[in-house]
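Coordinate analysis (summary)
What follows is each chain in one-letter form.
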Amino acid sequence: MVRNSISLLLLLLIFTLSQAQVADSTQVNKKRLRSFVIGSTVGYGITLAGLNELWYKNSGHQSFRFFNDDDEWKQVDKTGHFLSAFYLSYGTSRALQWCNVKPKKSDLVGALVGFGVMVPIEIFDGFSQAYGASAGDLVADAAGAAFFLGQARLWKEPRIFPKFSFHRTDYAPLRPNTLGDGMPGEILKDYNGQTYWLSVDMDKFIRFPRWLNIVVGHGAEGMVYARVNENIAAGYPAPYRQFYLGLDFDLRAIKSRSKVVNTLIFVANMIKLPAPTFEFSSKGTRFHAFYF
């Protein structure tokens, strides 16, 4: 989640462009397309340079290798890759349609870009002594892009959206260097407090309030260390998964003619807002009046 969060800057650029109204012309707007390609390429280059400076500069280098981290953090980190690839695919497709590229082509190119822009992160990891490229991360990236493309082909639009929420936990102070020291770091690093959701746009399937969705979620708790055996060896209980079912607010029901406002709504709608939620885990079933 920490490293793929740098894609947010590129995503904001892409979706800000995409909020402008698509023209009626069937001809590709080459001026817009050129501006989009140049702007997104420059933005992506800057984010990669920043990532290398902030994250990898002080790490030793090695020959490229893969590292199997599939059993770490109860796979919560993989859902972060899934979410990032989905929204990069969606935003790119929208931006290409703003350039009057046909929807089917925009969706396909968007999905390829959504996956492709995540690959350099794994390449950086593969050459870093501290990490190693993760096949599991690449699968999650591909799944996020495919989840967008599949919906675009089936319904001509996304109707099920990945979302993110976070709450602070008591685990970060136990390992602040790994799980975050302070709120900003904890949001990115403390997987115990992260929950990932799939928000279903119910009014597209049945009669339902447009501003209200049904949401299912996945998280985990008790992860002081990445692996179960590491937690137990350190004297902590085994981590456990959490599953959720609840309500979600769809902010896209708010309409504006402002490109900036629409972009802010889009970004805010990636967050699952507090709402009534049921939690299911090995600890039993709990009801939260406002779970975040």
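Below is a summary of the structure that appears in this document. What you are looking at is a predicted structure, and each value in this text was computed from that prediction instead of being measured.

**As for the sheet that holds strand β2 (residues 194–200)**
- Here six strands make up an open sheet; going across it, the order is β1-β2-β3-β4-β5-β6 and the pairing antiparallel. Of all strands in the sheet, those with a lone pairing partner are β1 (160–166) and β6 (284–291), marking the two edges. Across the sheet, the axes of successive neighbouring strands diverge by a mean angle of 25°, strand direction being ignored.
- Examined bridge by bridge, β1 and β2 share seven bridges and lie antiparallel to one another.

**Thoughts on the side chain of Asn 213**
- Relative to the assigned elements, Asn 213 resides in strand β3 (residues 212–221).
- Looking at Asn 213, its side chain comes within polar contact range of the side chain of Ser 199, at 3.0 Å.
- Not counting the four nearest positions on each side in its chain, Asn 213 is found in contact with Ser 199, Val 200, Asp 201, Met 202, Phe 208, Gly 246, Leu 247, Asp 248 and Asp 250.

**Structural notes on a nonpolar patch on the surface**
- Nonpolar side chains collect at one region of the surface, where Val 216, Phe 243, Leu 245, Phe 278, Phe 280 and Phe 287 lie side by side and expose about 550 Å² of accessible area between them.
- Elements with a minimum of two residues in the nonpolar patch: β4 (240–249) and β5 (275–281).
- Within the secondary structure layout, Phe 278 lies in strand β5.

**Examining the pattern of salt bridges**
- Overall, the coordinates contain 13 salt bridges when judged by the stated rule.
- Of the charged contacts, one joins Lys 78 and Asp 69 as a salt bridge, the two residues approaching to 3.1 Å between their closest N and O atoms.
- We classify Asp 69 as buried; its relative accessible area is 8%.
- Here the salt bridges do not stand alone but share partners, grouping Glu 157, Arg 159, Asp 201, Lys 204, Asp 250 and Arg 252 into one network.

**Topic: the packing of helix α4 (residues 103–116) against helix α6 (residues 135–155)**
- For the pair α4 and α6, the least separation of the axes is 8 Å and the interaxial angle reads 170°. As far as their axial angle goes, α6 and α4 are roughly antiparallel. For the pair α4 and α6, contact is made by Lys 104, Asp 107, Leu 108, Ala 111 and Phe 115 and by Leu 138, Asp 141, Ala 142, Ala 145, Phe 148, Leu 149, Ala 152 and Arg 153, respectively.

**Quick notes on the nonpolar core**
- Counting 20 residues, the largest nonpolar core has Trp 73, Val 76, Leu 83, Tyr 87, Tyr 90 and Met 223 as its most contacted members.
- Those elements that provide at least two residues to this core are α3 (76–98), α6 and β1.
- Ranked by residues supplied to this core, first place goes to α3 with five residues.
- Counting contributing residues per domain, this core is built from domain 1 (1–156) and domain 2 (159–291), each supplying no fewer than three.
- Setting aside anything within four residues of it in sequence, one finds Val 76 in contact with Tyr 191, Gln 194, Tyr 196, His 218, Gly 219, Ala 220 and Met 223.
- Counting eight residues, the second-largest nonpolar core is a separate cluster that includes Leu 48, Leu 51, Leu 88 and Met 118.

**Comments concerning α6**
- End to end, α6 covers 30 Å across 21 residues, agreeing with the expected 30 Å (1.5 Å per residue, within 8%).
- For α6, every residue scored as buried is listed here: Gly 136, Asp 137, Ala 140, Asp 141, Gly 144, Ala 145, Phe 148, Leu 149, Gln 151 and Ala 152.
- Tucked inside the fold, the buried residues of α6 contact α3, α4, α5 (119–126) and β1.
- You can read the cap of α6 off the contacts: a side-chain oxygen lies 3.3 Å from the backbone nitrogen of Gly 136, and it is on Ser 134.

How each quantity is defined
Residues numbered from 1 in each chain as written. Predicted model: local features only at pLDDT ≥ 70, side-chain atom pairs only at ≥ 80, totals over all residues. Heavy atoms only, no water. Pairing = 2+ DSSP bridges. Helix = DSSP H or I, 4+ residues; strand = E, 2+ residues; numbered from the N terminus. Axes fitted to C-alpha atoms, helices over the stretch in contact; angles between N-to-C directions. Polar contact = N/O pair within 3.5 Å; in protein donor to acceptor, adjacent residues only side chain to side chain. Contact = heavy atoms within 4.5 Å. Patch = residues over 30% accessible without salt bridge, like charges linked within 9 Å, V, L, I, M, F, W, Y side chains within 5 Å. Areas by Shrake-Rupley, 256 points an atom, 1.4 Å probe, with all protein chains shown as cover. Salt bridge = Lys/Arg side-chain N within 4 Å of Asp/Glu carboxyl O. Buried < 20%, exposed > 50% of the residue type's maximum accessible area, 1.4 Å probe, protein only. Parallel < 35°, antiparallel > 145°, perpendicular 65-115°, else oblique. Core = buried A, V, L, I, M, F, W, Y, C linked by side-chain atoms within 4.5 Å. Domains from an automatic or database assignment. Expected span 1.5 Å × (residues − 1).

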